[in-house]
Amino acid sequence: MTPMTVLRTRAQLREFRASLPPHSRVGFVPTMGALHEGHLSLARQSLRDCDVTIVSIFVNPTQFAPHEDLSKYPRPLERDLELLKSAGVHAVFVPSVEEMYPKDASTFVVEEQVSGPLCGEFRPGHFRGVATVVTKLFNLVQPHRAYFGQKDAQQCAVLERVVRDLEIPVQLIRGETVRENDGLAMSSRNVYLSSEERKKAVKISESLSRVIDAYRLGERRVAELEKAGRDYLEADGSFRIQYLEVRDLETLQRAEMIPSGGAKLIVAIAAYLGTTRLIDNAVLN
Ligand code: PAF
């Protein structure tokens, strides 16, 4: 098995990066740990595409609002390191909060369009935290490619804008959403679900299928498509929907009618099941 280097400081990371042969292609998978098959499939994709794969594990405080789950976010570090080692990852960057943020940090990266709707409405400041930490990580790791899960479709779209607008020399790759056998999108937050809730959670992806079915049957009015998904989920009575919307995959803009041809669209959902907030999305066309 390839030895895996665990890097805890920015200095160690820089040293590791500088020690790589000059033409090595570096792949990077940023994570917050509590790894599942979704993360591992991104790491494997990077291992296939690149010479060296670096994964980061950092529960980034600036992307959590004060009332969110920062303190209870799962942190099974030893298990995560074992999984990455078995996958053949070359290095893992596991910085502390103090290592990543000077006490008086006062510079942030703010994307002002794509981060507005959907999760942006319900989690103010979230994408500012994501864009800031990912930009910092890109500066430290200097990857050729970076891999993000399509489950966080809005995060992908925001980061694509940041990379484009700030001329960051990295290619972003969207990895497909990995699902449990019943269709529930894998997420580190699924561990919060009780066994009763876990059985119900499949309805999130089923509601997306309702929208896709309606689209395939010829419905092109966006409000009607969204209603098909909402009605399905609301009939259960256990979910509190924050949004269920059809949007452009890249710009996240919303139209009244699905335009014929052209842009790819997604149907995206965020809903609470008990105290757990779940998100998912599917490509519509
Ligand atoms: O998707 C995540 O796990 C996080 O938002 C990321 C990209 C690692 C930034 O903290």
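Look up a bit, the structure's there.
So, here's what we can say about the structure. Just so it is clear, the structure is predicted and the values come from calculations on it, not from any experiment.

Okay, empty space enclosed by the protein next. Evaluation of the coordinates by the stated rule reveals two cavities of 30 Å³ or more. In this structure, the largest cavity occupies an estimated 40 Å³ of space. Every residue lining the largest cavity is listed: Leu 184, Ala 185, Ser 187, Asn 190, Ile 204, Leu 278, Ile 279 and Asp 280. Considering every element that reaches the lining of the largest cavity, the biggest residue donor is strand S9 (residues 276-283), with three residues. Here the residues of the lining of the largest cavity are counted per class, giving five nonpolar, two polar and one charged. Of the volumes computed, that of the second largest cavity is approximately 30 Å³.

A few words now on the environment of Tyr 147. For Tyr 147, the position within the fold is in strand S5 (residues 145-149). The exposure class of Tyr 147 is buried, given its relative accessible area of 0%. Through-space distance from the C-alpha of Tyr 147 to that of Met 4 is 19 Å; in sequence the pair is 143 residues apart. Ignoring sequence-local partners within four residues, the contact set of Tyr 147 consists of Gly 27, Phe 28, Val 29, Pro 30, Leu 42, Gln 45, Ser 46, Asp 49, Cys 50 and Ile 173. Of the polar contacts made by the side chain of Tyr 147, one reaches the side chain of Asp 49; its length is 2.6 Å.

This part covers the sheet that holds strand S7 (residues 239-248). Here three strands make up an open sheet; going across it, the order is S7-S8-S9 and the pairing antiparallel. The outermost strands of the open sheet, each flanked by one partner alone, are S7 and S9. Ignoring strand direction, the axes of neighbouring strands in this sheet form an average angle of 15°. Where S7 and strand S8 (residues 265-273) come together, nine bridges link them in antiparallel fashion. By the bridge assignment, Tyr 243 is partnered in S8 with Ala 270. Across the sheet, helix H9 (residues 202-216) is in contact with S7, S8 and S9; its angle to S9 comes to roughly 30°.

Attention shifts here to the site of the ligand. The environment of the ligand is made up of Pro 30, Thr 31, Met 32, Asn 60, Gln 63, Val 130, Val 133, Val 134, Phe 148, Asp 152 and Gln 155. Side-chain polar atom of Gln 63 to an oxygen atom of the ligand: 2.6 Å apart, as the coordinates give it. One of the side-chain nitrogen or oxygen atoms of Gln 155 is found 2.7 Å away from an oxygen atom of the ligand. Protein contact buries 89% of the 290 Å² of open area that the ligand shows by itself. Elements with a minimum of two residues in the shell around the ligand: strand S2 (26-31) and helix H6 (126-141). Examining the composition of the shell around the ligand, we find that three residues originate from one element, H6, more than from any other.

So, how was this worked out
- Every residue gets a number counted from 1 within its own chain, in the order that chain's sequence is written.
- Residue-level local features of this predicted model are given only where pLDDT is at least 70; pairs of side-chain atoms are given and counted only at 80 or more, and the full residue set underlies all totals for whole chains, interfaces and linings.
- Only heavy atoms go into the side-chain values, all of them from the structure, while hydrogens and water stay out.
- Space inside and on the surface of the protein is sampled on a 1 Å grid over the protein atoms alone, with a cavity defined as a set of points where a 1.4 Å probe fits but cannot get out and a pocket as an open set with protein on both sides within 12 Å along at least 5 of 7 lines; lining residues have an atom within 4 Å of a point.
- Grid points are joined across faces, edges and corners, and a volume is the space filled by probe spheres set on the points.
- Secondary structure elements are defined from DSSP: runs of H or I of at least 4 residues count as helices, runs of E of at least 2 residues count as strands, and each element is numbered from the N terminus.
- Any residue that is not Ala, Val, Leu, Ile, Met, Phe, Trp, Tyr, Cys, Pro, Asp, Glu, Lys or Arg is counted as polar, Gly included; the first ten are nonpolar and the last four charged.
- When a residue's accessible area, from a 1.4 Å probe over protein chains only, is under 20% of the maximum for its type it is buried; when over 50% it is exposed; and in between it is partly exposed.
- Any two residues whose heavy atoms approach within 4.5 Å are treated as being in contact.
- Here a polar contact is recorded for every N or O atom pair within 3.5 Å, except that within protein the pair must consist of a potential hydrogen donor and a potential acceptor, and residues adjacent in sequence are included only if both atoms are side-chain atoms.
- Here, strands pair whenever DSSP counts at least two bridges between them.
- A fitted line through C-alpha atoms represents every axis, and for helices the fit uses only the stretch in contact; the resulting angles, taken between N-to-C directions, go from 0 to 180 degrees.
- Proximity is defined per residue: any heavy atom of the residue falling within 4 Å of a molecule or strand makes that residue near it.
- The Shrake-Rupley method, run with a 1.4 Å probe sphere, supplies the accessible areas, and residue values consider only the shown protein chains as cover.

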